[in-house]
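Letter by letter, the chains look like this.
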Amino acid sequence: MEYFVQWIKNIAIFYIIASLILNIIPGDKYKRYIRLFLGVVMVILLIKPIGRLTGLDGKFDELFWTGSYGAMSADLKAELAFADEERIRLITAEFEKKISDDIKAYVESLGAVYISSRPEINIDPASKGYGSLSRISVDISRGGAYSQGNIYVPPVYAQDQDKYYEDELIAIEIKNYLADFYNLEKRNIYVNISQ
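First things first, this report covers the structure right here in the doc. In this text the structure is predicted, and so the values were computed from the model without any measurement.

Rules and cut-offs
- Residues numbered from 1 in each chain as written.
- Predicted model: local features only at pLDDT ≥ 70, side-chain atom pairs only at ≥ 80, totals over all residues.
- Heavy atoms only, no water.
- Helix = DSSP H or I, 4+ residues; strand = E, 2+ residues; numbered from the N terminus.
- Buried < 20%, exposed > 50% of the residue type's maximum accessible area, 1.4 Å probe, protein only.
- Contact = heavy atoms within 4.5 Å.
- Pairing = 2+ DSSP bridges.
- Axes fitted to C-alpha atoms, helices over the stretch in contact; angles between N-to-C directions.
- Phe/Tyr/Trp six-rings, centres within 6.5 Å; stacked < 30°, edge-to-face > 60°.
- Salt bridge = Lys/Arg side-chain N within 4 Å of Asp/Glu carboxyl O.
- Polar contact = N/O pair within 3.5 Å; in protein donor to acceptor, adjacent residues only side chain to side chain.
- Core = buried A, V, L, I, M, F, W, Y, C linked by side-chain atoms within 4.5 Å.
- Expected span 1.5 Å × (residues − 1).

### Side note on the overall build of the protein
What the protein contains, in helices and strands, is four helices and three strands. Counting only residues that meet the buried cut, the protein has 29% of its 195 residues in that class. Within the protein, contacts between residues at least 6 apart in sequence are counted, and of these 58% link residues at least 24 apart.

### Quick notes on the sheet that holds strand 3 (residues 189-194)
To summarise the sheet geometry, strands pair through backbone hydrogen bonds and adopt either a parallel or an antiparallel arrangement. Here three strands make up an open sheet; going across it, the order is 1-2-3 and the pairing mixed. The strands lining the two open edges of the sheet, one partner per strand, are strand 1 (113-121) and strand 3. Pairs of neighbouring strands in the sheet enclose a mean axial angle of 10°, with direction left out of account. Direction of pairing for strand 2 (residues 133-141) relative to strand 3: parallel, over a ladder of six bridges. Counted as the bridge partner of Asp139 is Asn192 from strand 3.

### Here we look at the packing of aromatic side chains
All told, the structure shown has three aromatic pairs when counted by the stated rule. Between Tyr106 and Tyr177 the ring centres are 3.9 Å apart and the planes differ by 5°, which places this aromatic pair in the stacked class. Remark: Tyr177 occurs in helix 4 (residues 162-182) and Tyr106 occurs in helix 3 (residues 57-109); sequence separation between them is 71 residues. Overall, the relative accessible area of 16% leaves Tyr106 in the buried class. Each member of the aromatic cluster is reached from another via a ring pair, and the members are Tyr106, Tyr177, Phe181 and Tyr182.

### Points about the pattern of salt bridges
Within this structure, the stated rule accounts for six salt bridges. Linking Asp101 and Lys97 is a salt bridge whose minimum nitrogen-to-oxygen distance equals 3.1 Å. Taken as a pair, Asp101 and Lys97 lie in helix 3 at a separation of four residues, close to a single helical turn. On the accessibility criterion, Asp101 (39% relative accessible area) is partly exposed. Residue Lys97 is classed as partly exposed on the basis of its relative accessible area of 47%. For Asp139, the salt bridge is made with Arg118, and the minimal N-O distance between the two is 2.8 Å. Here Arg118 lies in strand 1 and Asp139 lies in strand 2, a separation of 21 residues in the sequence. By relative accessible area, Arg118 is classed as partly exposed at 38%.

### Brief notes about the side chain of Asn122
Structurally, Asn122 can be placed in the loop between strand 1 and strand 2. Overall, the relative accessible area of 18% leaves Asn122 in the buried class. At a separation of 2.6 Å, a polar atom in the side chain of Asn122 contacts the side chain of Ser127. Of the polar contacts made by the side chain of Asn122, one reaches the backbone oxygen of Gly129; its length is 3.5 Å. Apart from residues lying up to four places away in sequence, Asn122 is in contact with Ser127, Gly129, Tyr130, Gly131, Ser132 and Ser134.

### Remarks on the nonpolar core
With 21 residues, the main nonpolar core has Ile103, Val107, Ile136, Ile140, Ile174 and Leu178 as its most contacted residues. For this core, the secondary structure elements donating two or more residues are helix 3, strand 1, strand 2, helix 4 and strand 3. No other element matches helix 4, which puts six residues into this core. Discounting residues that sit within four places of it in the chain, Ile174 has contacts with Tyr106, Val107, Leu110, Ile140 and Val191.

### A look at helix 1 (residues 2-24)
For helix 1, with 23 residues, the first-to-last C-alpha span of 33 Å sits near the 33 Å given by 1.5 Å per residue. All buried positions along helix 1 are accounted for by Trp7, Ile11, Phe14, Ala18 and Leu22. As for helix 1, its buried residues are in contact with helix 2 (31-54).

And the structure:
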């Protein structure tokens, strides 16, 4: 009889604690996992006296920890992996936006017209350069970069090569700045100049 009274007390205490836990959790995202866990524990508590009578008392605990925990843990791992991917995507997008804003400010300080830029961040966790900037492509228009005196252009005598030479100078200026500032090799910086 004493075992039966203790069993009822255990169920009542568990029910109160389970209700408290479910009310404390703020979002609904993980409530289903917690309900599943609490439901399995409740079933174990309910059939524990049967296990004691049949001598299978320790088997219930073993079955619970091997079966339900594995299923819950696989679902939770998949959901956490998705959350990590989403977090990395958001952080990477913000970082790329900050780099693009910096490039825009620098290009405009030269007097050129900023069109667009595409910084690429290595998001492959298996690679050596994970999380670092791997390449930058910049599209600009010449604008008034040379007429404003921001870049010195020495005289060139071949008339048809003047524009090409000026374009090369502004591309070199931008590449040098980006390579120094972002510690990136110049071969990974592409500057496209349109007229």
